[in-house]
Amino acid sequence: DVQLQASGGGLVQAGGSLRLSCAVSGLSFDDYAVGWFRQVPGKKREGVSCISSNNGRTYYKDAVKGRFTISTDHAKNMVYLQMNNLKPEDTAVYSCAASDTMIWSNRANEDGYRYWGQGTLVTVSS
């Protein structure tokens, strides 16, 4: 069975950094895509970043470009989201999701992901 577990959230000051981790099991690491999503109360879940495991292609929401970096460690079956220069508007519950059949045009669409992990809360204070 496929399992994903997000971790690494916490409370940081604006301008600080966090690294989120997503542990993936049950999927071949060379044949899936992993996305990071976030959601705040009263708003819809939004796609933040995505990476394709086979070619390393990445996607970033415009609001996080230049600040967030998605990466993988195949040996450890891990996907990371390095978040730098955090802003209060980044506060959200962040979740990782995986797809073994995703088409790239759906990279930021939650409907394109079959497997979901438990979210981790990121709070940025000002």
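Preceding block: the structure.
So, here's what we can say about the structure.

**A look at the state of the cysteines**
Next up, step 1: Scanning the entire structure with this criterion turns up one disulfide.
Next up, step 2: In this model C22 forms its disulfide with C96; the gap between the sulfur atoms is 2.2 Å. Looking along the S-S bond of the C22-C96 disulfide, the torsion reads about 75 degrees, which is the right-handed sense. Remark: C96 occurs in strand 9 (residues 92-99) and C22 occurs in strand 3 (residues 18-25); sequence separation between them is 74 residues.

**Re the packing of aromatic side chains**
Next up, step 1: Using the criterion set out here, one finds three aromatic pairs in the structure.
Next up, step 2: Seen from their ring centres, F37 and Y113 are 5.1 Å apart, and the 85 degrees between their planes marks the pair as edge-to-face. With a gap of 76 residues between them, F37 in strand 4 (residues 33-39) and Y113 in the loop between strand 9 and strand 10 (115-116) connect regions that are remote in the sequence.
Next up, step 3: Between F37 and W116, the ring centres sit 5.0 Å apart and the planes meet at 50 degrees, which makes this aromatic pair tilted. Here F37, found in strand 4, pairs with W116, found in strand 10; they are 79 residues apart in sequence, far enough to count as distant.
Next up, step 4: Taking relative accessible area as the criterion, W116 reaches 30% and is therefore assigned partly exposed.
Next up, step 5: Counting every residue linked through ring pairs, the aromatic cluster contains F37, Y113 and W116.
Next up, step 6: Between the NZ or CZ atom of R19 and the centre of the ring of Y80, over which it lies, the distance is 4.2 Å.
Next up, step 7: For the cation-ring pair, R57 lies above W104, with the distance from its terminal atom to the ring centre recorded as 5.5 Å.

Analysis parameters
- Residues numbered from 1 in each chain as written.
- Predicted model: local features only at pLDDT ≥ 70, side-chain atom pairs only at ≥ 80, totals over all residues.
- Heavy atoms only, no water.
- Disulfide = S-S within 2.5 Å.
- Helix = DSSP H or I, 4+ residues; strand = E, 2+ residues; numbered from the N terminus.
- Phe/Tyr/Trp six-rings, centres within 6.5 Å; stacked < 30°, edge-to-face > 60°.
- Buried < 20%, exposed > 50% of the residue type's maximum accessible area, 1.4 Å probe, protein only.
- Lys NZ or Arg CZ within 6 Å of the ring centre and 35° of its normal.

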